[in-house]
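Listed here are the chains, written in short residue letters.
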Amino acid sequence: MRQGTGNLTMPDYRAPVRDMKFVLNELLQSEAHYRSLTGCEELTPELLDAILDSASKFSENVIAPLNRSGDEQGCGFDNGKVTMPDGFNAAFTQYAEGGWYALSVPCAEGGQGLPGSCSIVLGEMTGSANYSWSMVSGLSQAPVSLLLAAGSEQQKKTYLPNLLSGDWAGTMCLTESHCGSDVGLLRTKASRNADGSYAITGTKIFISGGEQDFTDNIIHTVLARVEGAPAGTRGISLFVVPKRMVNEDGSLGDANAVSCGSIEKKMGLKASPTCVMNFDGATGYLLGEENGGMAVMFTLMNTARLGTALQGVSMGEASFQGALTYARERLQMRSLTGPKNPDGPADPIIVHPDVRRMLMTQKALTEGSRAFIYWLAQLVDKTRYGSEEDATNAEDLLSFLTPIAKAFCTETGCEVTNQGLQVFGGHGYIREHGMEQLVRDTRIATLYEGTTGIQSLDLLGRKVMGSGGKLLANFTRLIHKFCEANAADEQMQEFVTPLIELNKKWGELTTEIGTSALESADEIGAAAVDYTLFSGYVALAYMWAQMALVAQRQLQNEMVAEPGFYRTKLATARFYFQRILPRTGAHAQAAAAGADTVMSIEAEAFSW
Ligand SMILES: Cc1cc2nc3c(=O)[nH]c(=O)nc-3n(C[C@H](O)[C@H](O)[C@H](O)COP(=O)(O)OP(=O)(O)OC[C@H]3O[C@@H](n4cnc5c(N)ncnc54)[C@H](O)[C@@H]3O)c2cc1C
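Caption draft 1: The overall build of the protein, seen in detail. Each helix and strand counted, the protein has 21 helices and 13 strands in total. Taking 608 residues into account, the globule formula puts the C-alpha radius of gyration at 25 Å, and the protein, at 25 Å, falls close to it. Seen through its principal axes, the protein has C-alpha atoms that stretch 80 × 65 × 60 Å. Carbon and sulfur atoms make up 52% of the accessible area of the protein, which amounts to about 25,400 Å² in all.

Encoded structure:
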């Protein structure tokens, strides 16, 4: 445990490099994966190791020590100016000097040309170490991706070099006070100027990193409606709006008419400024086509949602590490099977089955979600650098699995950080150990980038029903193939048999909901979240079954290094299948129960 501000202690973060390497190298065969991608052949295991090494040092030594002090100090606001907590800006500079902002940008655009899956690993580490910090630095990826997707050569030349060097930062400005999930309601206006630019007028709220004091310029990407455009999402355009105008020679010009009205006081992520941004006829430049803003935004959607899913893993890992250390040290009562620390006044709480249950739950959900998200990140790589056929298949799988990952990994991330707090007892609820900060910092993940409810509607309504079950079948076919390939393996039966049953159940459940939806569309809305959680537990079971297979194969080799690692993996897979996977039964039952009980009370009759 490390001393923080004012004698507060934080769990020391140690990047789980061994587990990351297991997932990358042994489960996902990264070397072969990168060799199959055009332009990524030089990403050797040695290079990947070097990235893991540098990223872990930066996360552990530079930003983790700022996590508690950032939470205590928070961001300052004075007359439109936002100040970041002490130490943050120096860490941003160090990150920029390390070239991390440009890691996954093509070389031709001035980046380092590494595929996005490398950024996911980096993102997990920086997120565990200090989520507020990583959020503000990570946001620059939004304008970078949008410029790469739809920017003109001139726009890319104007903004990309400074965004990639970390000299400038960026934001994503979608939300307005009356318009959150329903982006189509937005009112921010764009009027055409004579020189081809636009005057942007409106107020955006909840804008992460909207204002800060670590870069000279901030490149806002803003959704607005051009005058006369259709209502709803069909009439939305996307604009680049710099905080400071950029002269033709690249130097900074006058201030644009953009200002920060205030920052929010909020539950967590206190070192990440959440800003009200006023655009008062600010000069903006169209990205892509007029009324084509949502189409450009969609190019970012999968990676942004995966990035948020990863928050569940990052925070879960940090919480697990704190809880494990504490459970080994805290002495309370005796083991039910007799003293395990006879010379001490009591046994460490890790001897108690209920504490083990919590630690195992944390471990199984976090490691399972890590494997799931890293695999999806490889699919994203394929959409960019794979063959045409691989890219299409990956696109289809991602379209189906991304809302599951976003909803499931953030919901379980909240559960995992809560379990971490519970392991500390009352000491988790007070601030001293930092466990309550992890709960507070994680909570937002189920809300932004589309709430769990919205992800679930996307999954069940658009992706499953909208594709006539085709996208679901793509994935259940993969599970089926895995089960078929391992059907004769005696040792794998404990994983394969339940997986076959759940795969079948998934299809039946979908048909059942689809049939009732013919009567009323509310059936979809009423089933959606339970359906998504059911889907998430099955997806993780598929990952755990594969990890169990890798572990069993390694253990067959008597000379294998670190047999304990593989035995632990196998035991965690068993815990997942026997103690967590049964939750699918309750979710399936609830999802199939129909909309009647959910909708039967009139809105006015809820309270008496
Ligand atoms: C800390 C923080 C940082 C943020 N950062 C950014 C940022 O950088 N840029 C940005 O643009 N925004 C940002 N946001 C905004 C965030 O994306 C929105 O809060 C989120 O999209 C939800 O919108 P809302 O809060 O208006 O909730 P609402 O849309 O009002 O939803 C309220 C509730 O109704 C449910 N609901 C709504 N519609 C439906 C439906 N059709 N079916 C079922 N349920 C429904 C929702 O699931 C939710 O439970 C941030 C927010 C916070 C708190």
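Following the structure, the description resumes.
Caption draft 2: Main features of the site of the ligand. Residues in close proximity to the ligand total 18 residues, the closest being M172, T175, S181, F206 and T451. In this structure, M172 approaches the ligand through a main-chain N or O atom, which is 2.8 Å from a nitrogen atom. T451 places a side-chain nitrogen or oxygen 2.6 Å from an oxygen atom of the ligand. In the complex, the protein chains occlude 60% of the 980 Å² of accessible area that the ligand would expose alone. Counting residues per element, the ones that place at least two in the shell around the ligand are strand 5 (168-173), strand 7 (198-208) and helix 15 (452-465). With three residues, the single largest contributor to the shell around the ligand is strand 7. Residue classes in the shell around the ligand are distributed as ten nonpolar, six polar and two charged.

Caption draft 3: Structural context of unusual backbone geometry. Backbone geometry places Q29, a non-glycine residue, at a positive phi of 50 degrees. Residue classification places Q29 among the partly exposed residues on the basis of a relative accessible area of 45%. Unlike most non-glycine residues, F206 shows phi in positive territory, near 60 degrees. Tracing the sequence through the fold places F206 in strand 7. For F206, a relative accessible area of 49% puts it in the partly exposed group.

Caption draft 4: The packing of helix 10 (residues 293-329) against helix 11 (residues 353-385), seen in detail. Their axes nearest at 9 Å, the elements helix 10 and helix 11 cross at an angle of 150 degrees. Here helix 11 runs roughly antiparallel to helix 10, going by the angle between their axes. Regarding helix 10 and helix 11, the two cross each other, and that crossing is left-handed. Considering only residue class, the contact of helix 10 with helix 11 consists of 15 nonpolar, six polar and four charged.

Caption draft 5: Here's a closer look at the environment of T175. Relative to the helices and strands, T175 resides in the loop between strand 5 and strand 6 (189-192). Note on T175: relative accessible area 23%, which makes it partly exposed. Linking T175 and F206, residues 31 residues apart in sequence, is a C-alpha distance of 6.7 Å. Ignoring anything within four residues of it in the chain, the contact list for T175 reads G180, K204, I205, F206 and I207.

Caption draft 6: Quick peek at the layout of surface pockets. Roughly 530 Å³ of volume is contained in the second largest pocket. Lining the second largest pocket we find 22 residues, and of these W375, K382, L478, Y542 and Q546 sit closest to its centre. With six residues, helix 18 (residues 522-556) is the largest single contributor of residues to the lining of the second largest pocket. Across the lining of the second largest pocket, the residue classes tally to eleven nonpolar, five polar and six charged.

Caption draft 7: Examining the side chain of T361 more closely. Residue placement: T361 occurs in helix 11. What T361 contacts, discounting residues up to four positions off in sequence, is E415, Q419, F575, I580 and R583.

Caption draft 8: Here's a closer look at the pairing of strand 7. Along strand 7, eight of the eleven residues are buried, which leaves the element largely enclosed by surrounding structure. For strand 7 and strand 13 (residues 274-287), the ladder comprises nine bridges, and the chain directions are antiparallel. Bridge assignment links T203 to a residue of strand 13, and that residue is N278.

Caption draft 9: Just the pattern of salt bridges, in detail. According to the stated counting rule, one finds 34 salt bridges in the structure shown. R370 is the partner of D19 in a salt bridge, and the nearest nitrogen-oxygen pair spans 2.6 Å. With D19 in helix 1 (residues 17-27) and R370 in helix 11, this pair connects stretches of sequence that are 351 residues apart. We classify D19 as buried; its relative accessible area is 6%. Among the ionic pairs, R192 bridges to E290, the shortest N-O distance being 2.8 Å.

Caption draft 10: View of the pairing of strand 11 (residues 252-255). Pairing between strand 10 (residues 244-246) and strand 11: two bridges, direction antiparallel. What sits directly across from R244, in strand 11, is A255. The loop that links strand 10 with its antiparallel partner strand 11 comprises five residues; one of these, G250, has a positive phi angle of about 90 degrees.

Caption draft 11: Seen up close, empty space enclosed by the protein. For the structure on display, the rule yields two cavities of 30 Å³ or more. Contributing to the lining of the second largest cavity are G312, V313, L365, T366, S369, C409, T412, G413 and V416. Of all the secondary structure elements, the ones that give two or more residues to the lining of the second largest cavity are helix 10, helix 11 and helix 12 (388-423). Per-element accounting of the lining of the second largest cavity gives the leading share, four residues, to helix 12. For the lining of the second largest cavity, a count of residues per class yields four nonpolar, five polar and no charged.

Caption draft 12: Examining the packing of helix 12 against helix 14 (residues 435-443) more closely. Viewed as axis vectors pointing N to C, helix 12 and helix 14 meet at an angle of 165 degrees, and their least axial separation amounts to 8 Å. Overall, the two elements helix 12 and helix 14 adopt an arrangement that is roughly antiparallel. The element helix 12 and its partner helix 14 pack so that their crossing is left-handed. Note on element contacts: helix 14 touches helix 12 through M435, E436, L438, V439, T442 and R443, opposite G413, C414, T417, N418, G420 and L421. In terms of residue class, the contact of helix 12 with helix 14 is built from five nonpolar, five polar and two charged.

Caption draft 13: Representation of the confidence of the model for the protein. Mean pLDDT over the protein: 96, with 98% of residues reaching 70 or higher. Contacts for the low-pLDDT stretch residues 3-8, under 50 throughout, to residues beyond four places or in other chains number nine contacts.

The rules behind each value
Per chain, residues are indexed from 1 in the order of the written sequence. Residues qualify for local features only when their pLDDT is at least 70, as the model is predicted, and side-chain atom pairs are given and counted only at 80 or more; totals for whole chains, interfaces and linings, by contrast, use all residues. Remark: hydrogens and water are excluded; side-chain values derive from all non-hydrogen atoms of the structure. Each helix is a run of H or I in the DSSP string that is no shorter than four residues. Each strand is a run of E no shorter than two, and both are numbered from the N terminus. Two things to know: the radius of gyration comes from C-alpha atoms, and the globule rule equals 2.2 Å times the number of residues to the power 0.38. All accessible-area figures derive from a Shrake-Rupley calculation using a 1.4 Å probe, and residue coverage is judged against the displayed protein chains alone. We call a residue near a molecule or strand whenever a single non-hydrogen atom of that residue lies within 4 Å of it. Within 3.5 Å is the distance limit for a polar contact, defined as a pair of N or O atoms, with the added protein rule that one can donate a hydrogen and the other accept it, and that residues adjacent in sequence qualify only through two side-chain atoms. Any residue that is not Ala, Val, Leu, Ile, Met, Phe, Trp, Tyr, Cys, Pro, Asp, Glu, Lys or Arg is counted as polar, Gly included; the first ten are nonpolar and the last four charged. Working definition: with a 1.4 Å probe on protein chains only, accessible area under 20% of the residue-type maximum means buried, over 50% means exposed, and in between means partly exposed. Lines fitted to C-alpha atoms define the axes, with helix axes restricted to the stretch in contact, and inter-axis angles between N-to-C directions lie between 0 and 180 degrees. Geometric relationships in this document are graded by angle, where less than 35 degrees denotes roughly parallel, more than 145 denotes roughly antiparallel, 65 to 115 denotes roughly perpendicular, and other angles denote oblique. The hand of a helix crossing depends on one turn: near helix anticlockwise from the far one by less than a right angle means left-handed, and clockwise means right-handed. Contacts between residues were defined by any pair of non-hydrogen atoms, one from each residue, lying within 4.5 Å. Using protein atoms alone on a 1 Å grid, points that fit a 1.4 Å probe yet trap it form a cavity, whereas open point sets bounded by protein on both sides within 12 Å along at least five of seven lines form a pocket; residues with an atom within 4 Å of a point count as lining. Grid points are joined across faces, edges and corners, and a volume is the space filled by probe spheres set on the points. Here a strand pair is declared whenever DSSP counts at least two bridges between the two strands. Any carboxyl oxygen of Asp or Glu within 4 Å of a side-chain nitrogen of Lys or Arg constitutes a salt bridge here. Per residue, pLDDT measures the predictor's confidence, with a range of 0 to 100.

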